[in-house]
Every structure is written in structure tokens, then in C-alpha cells.
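Chain and residue survey
As a plain string of letters, each chain reads:
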Amino acid sequence: MATESRSSLEIGKVFISYAHDDDEHKERVRDFWLFLRRMGVDAVIDLPAAERRQDWALWMSDAVEGARYIIVVASPAYKQRAEGKSAQRTGLGVQWEAALIRSRVYADREASLDRIIPVVLPGCSADDLPDWLGGLAVTHYAITEYSVFGADRLLRLLTDQPYETVPPMGEIPLLLPRDPAQPAPAASVPGLVTEVYVRMTLSGGRLTSSVSVAGTVLSEQTSDLGAGGPTQSEPTVRAIFGRAEHRVATMVQELTPGSRIDLNLEGDPALLKIPLEQISLRAASGEGTGPLGQCRGVQLHRHIRPHPTTPKRPPRLRDLLSSDPLTAVPMAHEMVRSEPSEPIDFSSVVDQPIVWERTMTRRVLRYALASDPERSAELLLARVEAANQCWNLARAGDLFSTAHRPFAHERLSAMATECAQFDVARRAIDGLGRIGATSSAAHIVKCAEEDRDAFEKLSNHAAPALARMFHRPGPDPEWVSGPVLDTLGRFLTRHQSQESQLDLFTIYAIFRRLGPVHADFLIHHWLPAENERLVDLAATALGHMRLDRSCHLLADRAAHVSEETARTICKALGYIGTSQAVELLMDRTTAPLSNAAYEGLAICLDRTADQDFKRLVEKLLQRERLKGDRWRVYRAIGLQPLPDLLRCLQVGIHSDNWLERAVSAIAIARTEGAAAQPLLLRAQREASNAIEGMFLLLARLCSSHDENLVAELAPELGNQGWQLDDALFEDSVQILREVGSNRGRKLADCVTWIRDAS
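The sections below set out a description of the structure shown in this document. On a predicted model such as this, the values are computed, not experimentally measured, just so you know.

1. Structural notes on the sheet that holds strand β5 (residues 141-142)
Pairing in this open sheet of 5 strands is parallel, and the strands run β2-β1-β3-β4-β5 from one edge to the other. Of all strands in the sheet, those bounded by a partner on one side alone are β2 (42-44) and β5. In terms of strand pairing, strand β4 (residues 116-120) meets β5 through 2 bridges, oriented parallel. The residue bridging Val120 from the neighbouring strand is Ala142, located in β5. Contacts from helix α6 (residues 92-107) reach β1 (13-17), β3 (69-73) and β4 within the one sheet, and its direction differs from that of β1 by about 120 degrees.

Here is the structure:
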């Protein structure tokens, strides 16, 4: 594919060198690595290699030697160890790695500027870069967020797509020599300098010009130059000078020795190419001046007309409510990056009903509100307090973010625990979860469990709020995998019989986004728990972390839980998808867990060894109980199109299941290209719902690369893409990037940002 070939052949490997300061920094670097991989950069980090025994000295030497670029991530520990100021046996890996990089800087400093890239991640400082990299006197790359907008300069460097490029050189102007017979003016006689300005504009073949002398306008005229445009012909001279031609010619003819005329030409670049040095002006008597470039005392100066500066427009708040992510997301980023001349009145958009109806709009607006957290906190707090008075304010707590924590924590805590109005209390609980108010976790539980009536109304908000708190923790690091996670676990365990009242969908969605920093707590506390809901959530999180070291623990636990939980565990192994996970699933296809094992294999089918692929596809398609995941098989066939299996896609596109039809259509588009267009058009007309129609648009885009389809896709993908399965979302983004247009790539960046926004 075009994207893959560019990554492997042109960009080259990028090695990330960093120190394990603490778990938070390690997770920060991992997020950066994953972001680069999503952006098509072949980034290399030590985490996958650490899953197996390594000769680390050899591994680091190979990684440094084989990388086109080496990224050095700023941190206090890296600076200390790279400069040899740490204890002798502390951070040996970084000391060795930094020594390899430092030796290359010492050997060829010029070459190292082109290869070694200092990077400062969010929350880090450029002061923590090693001094031997050049300090603040050398360029470094600050990442404001893990998005195309926040890493624009670095991505342009790594992918060789510079913003500023050297333009081609223009033509050399014709400059005539001085007439040898012309006497030199007497230097001792002071002369008079006369300023003549000729201002010109050209629009639609019509030339508008004005001629002024010493600030007095002599003539203004507009002439039609026709198809030929401006030339050095007599009509062009008339068009430029108009009635002022005779006056200027007379001034040139009567010029006294020692005096001069500065003839200033101002206009667009195309007009300034007219060789006025060769033009002769005629006086009222009919006598010509001769070429102006040869006239004594006449100097010509050219000035490109400056484009009028457009005053900075106020932010278009209505764009935040747009259903098109190509409009809404850049607008939010513009508001965050720029400093408005006056405070932004967010109230006009916060109260719009569309905010509560569309997930994408809430995510975009939440990000924009964080640009002015103090004022927007007051706005949101007022709406939480009035939540019981107006249905339109029912989701106000959902618009808070961690930026609002200093300005809203105290009042939200009071509303959640002291307010008698349930609508106000539950929206305040939503807000506490969004701002990461970990110290309020116990208060939220107490509030939700005070009495039966309170639990029925508040539990649906308390559990997701607790989940969000450790997903985006507060400033106290001990809360990352400790008390909040434990509090949520106890809360879910106490209320197993009341799960129908809990918002489990949101909790599962949050757990799919957890990082390895939470892994140890889940492995040691939740995976062995008696409450199978905790086992289920732990397996879901570990699977989406793709944590290879958890494979055997998951496989062993699957043998001691219910069939439903075993299915979740086998699917988690499928999401991990490493050779170890595949082997464990294959071993269980003949055991009592065979149905669950086959479901797990369906998830990682595209990563199965070639010799097993065809046999496994045929087995999976024959299993009646796989019906909910059969679409994964059709997807894998599209990615590994063996001729004997392509006939299966024709079965898939006529399935009774809309998702199987949609995924089969994309697989057919991949394998048949433009020849599939008639089939895809017919299938799109018969789509049973909006998401199936969206997938069929993607299939048409995949087969035709028609950029016009991107505009049709944008609203649906922006509003529905965030809830797609990981594999389907990655396929959608890849198709957009393969279109080869800026609009396709921008939409891919926007929907990825929306999905990653909490």
C-alpha cells in the first residue's frame, strides 16, 4: 500500500531514547510512541523488546545504528544519566544508550544535527535535555499534544514534508548600461529629487493605475488590456500613465544636471515584469523621451504591492457545533492556540440542544472550553446548579476537563454531597469524574449509597466518574492504581445484583483506554477476584493494552470462570495478538473453551501464520456460534486475499447481518479495486442504517480514491467513528490516508483526535 511503502522506503526507522523516570513518564513516552506509529512513522522503543530476554547492550547498539533519526526525550533522569552525574549502577541502560549517542555527536557534530532530535513531551521541560546536545542554542521540538496539530513540526521533519520550501528563482530583470556619451552630473551641485509614484492593479484583464507626483495625483484610469495582457506596447503605456504621460515626459526632458526623478512602480509581481526601462514617453509636443532606462537622472524602483492584512476575526463559535469534523476540530484547536482579543462568550454554544445530542460536539466543545478554564468553569458550574430546572442543561457536568480542576473542585464536591436535588448532584458527580478529582472518590460513593432512592438515581453516574478518575488521575500519583481503583472495585462488588442500574457501557469504554501503568493492579487484584465483573473488566483492559506478559495469566484464569467471562478473556488474548497469544488460543480450540478460543482467534486472524490462515478461516466460517464475530473473518480475507477464499466475500456481502455486509464490501474494494464500483453503489442504495452506509462510502473511497467522497464521509465518521471496534476504526483511518489528498489526511487526523478525546 502507498502509505506502507512510504514509511518503509522513504522515512526510515526512528529510535526513541528515554529514561524510565517513573511510571507516569514511561506511560507518557509510550503514548508518544503509539502516536508516531499511528502517523505512519516506524518508531522503535524498548517496551516490545522487553517482553523477552535481551542482550541490551547489543540491542541498543543495533537500534542506534539502524535508525534514520534518534529522538532524545527530555526528562530530569535522562539529563542526569546522560551527563554521567547519576550513581554508578543507576539507569545503566540510559547511560549506555546516551554514551552511544554522545559519541556520534562528538565524532561529527554537523551530521548529528541532521539525525539526533531533542524532543520535549507535554509536561516536560527543555531544561532537562543533556547539555552536549547544544542546550537552548540548538533546535528542539516541543510536543503540545499527541495530534497532528500538536506535533506538526516534528512530523514534518520525520516525514520530510517541510512547511517552508525554497521557491524557484524568477527571471533576471533587463538592466541597460549607461550611455557612454552621457556626461556625468556635477557632484558639487545639489539637485532636486522628484518622487513619481505609479500604482497598478490588474483584475480580469482590466488594468487600474494612478500616477502621482510629490503626493499630488495627476491621473487615475482603468483600461481593458484584452487577452494579451500587459506588454511594452503603446496601448500599455497609455493604460499605465493616462493623461499624466505628457507631464512626466516633460519633467524628464527638462531635468537639470544634478537633479533626478525617482520613478516608483508599485503593483503585483506580474505587472512589475513590464520592462518600463525600454518604454518611451511622449510630451505634449510629440517628442519622445527615449527609453526611460537610458534617460539621464531617471531611476526606476519596483515595489510589490503588500496584500492588505485581514484583521483577526473573532472565533466562529458556531463552527464548534458543526457536524463536519473538518470544521469543528480545527476551530477548537485555533481557539486553544490563539489568544483572543476579548473573552470568548461560550454561553451561546453551551446551551444549544445539539451539544447534548452529539458526542463529537461535546468532545470538541470540552476541549475548546479548556482554553479559558477559569471563566468557562464559572459558566459550567452555574449550569450544573440549574440542572434540575432545564433539560437542556442535563449534561453540563460532561463538559468539564482536568483544566477546570483548580476552579471547580471545591464547588462540585459540595454540590455532589450536600445538594438535595438529585439532578444537580449527579451532574456534579459527572464533573468530578471529568476533572479527575480523586480526593472526592470516597465522598461520591457515600453520596450514591446513602439510601435506596439515592443509589437508583446516582449510581449510574458514580461508577463512570470513579473510572474516569484513575484514567486521568489527579496530581497525587498514588491514586493512579491505588485507592480509586480499589474504591471502584468495592463499589461494583457490593452492588453485583444491581448492575442493571450501572452505566457499564461507559465503564468498559474507559477500561479499553487504560495504559500499562494500571496493569499491575489489575493483574494482582482484579484478575483473581471472585467478582467476575472485575475479572471481565481487567481482561478487557489488559487485552486492549496488548500486554504480552499477561497472556499466560489470562489463559489460566479462563479455565476457572463462567463461559461468558471466558469469552471476554479469550477475546482479550485475541486483541493482544502476539505469537504467544495465538498459540495459547490454538491450544484451546479442542478444549471446553473451543467456542471462546475461536472467537479470540477471529480477532487476531490477520496476524495468524500463513500456513494456518486458510485452514482457520474455513473452520471459523463453519462455526454457527461465531456469528457475532464473523465479520472479522471477512475483514481478514480482505487483508490476506488468497484466491481460494475470495468467493467467501460474495457470501458475506449478501449476509443478513449488516456489519458482515459492510466489512465484506470493504474487503471486496481492497481486492477488486475500481471494478467493484457497480456492486458497491448498489449495496449503498440498499444500506439498512447510517453506519452501514458510512462503511459502504468507505468501500467506494477505497476502490476509487475519489476525493469528493471524503466530504460525504466526514459528518458520519466524525459522529460514529469514536464507537467503532478498534480494527474497523484503524481500517477507516488507513483508507482515508491512502486517498492521497490533504482532505483525506486531515479527516483521518480529526476523527483520530475525536476518538482519543476523553
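2. Here's the deal with the packing of helix α26 (residues 563-576) against helix α28 (residues 594-603)
The geometry of α26 relative to α28 is characterised by a closest axis approach of 7 Å and an angle of 25 degrees between their N-to-C directions. Put simply, α26 runs roughly parallel to α28. As for the relative orientation of α26 and α28, their crossing is right-handed in sense. Note on element contacts: α28 touches α26 through Ala596, Ala597, Glu599, Gly600 and Ile603, opposite Ala566, Arg567, Cys570, Lys571, Gly574 and Tyr575. Grouping the amino acids of the contact of α26 with α28 by side-chain chemistry returns 6 nonpolar, 2 polar and 3 charged.

3. Some details on the sheet that holds strand β9 (residues 260-267)
As summarised here, the arrangement of the 5 strands in space is β8-β7-β6-β9-β12, forming an open sheet in which the pairing is mixed. Across the chains shown, the open sheet's two edge strands, defined by having one partner strand only, are β8 (216-224) and β12 (298-304). Going across the sheet, the axis of each strand differs from the next one's by a mean of 15 degrees, ignoring polarity. As paired strands, strand β6 (residues 193-203) and strand β7 (residues 206-213) are joined by 8 bridges and run antiparallel to one another. Paired with Thr201 across the strands is Thr208, a residue of β7.

4. Quick word on helix α27 (residues 579-587)
Within α27, the full set of buried residues consists of Ala581, Val582, Leu584 and Leu585. Buried residues along α27 cover an arc of 160 degrees about the axis, so they all sit on one side. Along α27, the residues that are exposed and aim more than 90 degrees away from the buried face are Ser579 and Glu583. If you follow the buried residues of α27, they end up packed against α25 (551-558), α26 and α28.

5. A look at the pattern of salt bridges
The full count for this structure, using the stated rule, is 30 salt bridges. One salt bridge in this structure joins Asp536 and Arg533, with 3.9 Å as the shortest N-O distance. Residue Asp536 and its partner Arg533 are located together in helix α24 (residues 532-545), separated by 3 residues, close to a single helical turn. The same class applies to Asp536 and to Arg533, which are both buried.

6. With respect to the side chain of Arg700
Among the secondary structure elements, Arg700 is positioned in helix α34 (residues 690-704). The charged side chain of Arg700 is buried without a salt bridge, its nearest counter-charge being Glu712 at 5.1 Å. For Arg700, the contacting residues outside a window of four places in its chain are Gln677, Leu680, Leu681, Gln684, His705 and Leu709.

7. Concerning unusual backbone geometry
Where the residue is not glycine, phi is negative for most of them; where a peptide bond is considered, it is trans in most cases. For Asp160, which is not glycine, the phi dihedral falls at a positive 55 degrees. Mapped onto the secondary structure, Asp160 falls in the loop between α8 (152-158) and β6. Take Asp160: its relative accessible area is 64%, and that puts it in the exposed class. Of note in this structure, Arg546 is not a glycine but carries a positive phi near 55 degrees. Take Arg546: it is sitting in the loop between α24 and α25. On the accessibility criterion, Arg546 (42% relative accessible area) is partly exposed.

The rules behind each value
Residues numbered from 1 in each chain as written. Predicted model: local features only at pLDDT ≥ 70, side-chain atom pairs only at ≥ 80, totals over all residues. Heavy atoms only, no water. Pairing = 2+ DSSP bridges. Helix = DSSP H or I, 4+ residues; strand = E, 2+ residues; numbered from the N terminus. Contact = heavy atoms within 4.5 Å. Axes fitted to C-alpha atoms, helices over the stretch in contact; angles between N-to-C directions. Parallel < 35°, antiparallel > 145°, perpendicular 65-115°, else oblique. Left-handed = near helix turned anticlockwise from the far one by under 90°. Nonpolar A, V, L, I, M, F, W, Y, C, P; charged D, E, K, R; others polar. Buried < 20%, exposed > 50% of the residue type's maximum accessible area, 1.4 Å probe, protein only. Arc of directions from axis to C-beta. Salt bridge = Lys/Arg side-chain N within 4 Å of Asp/Glu carboxyl O. Lys, Arg positive; Asp, Glu negative; His and termini not counted.

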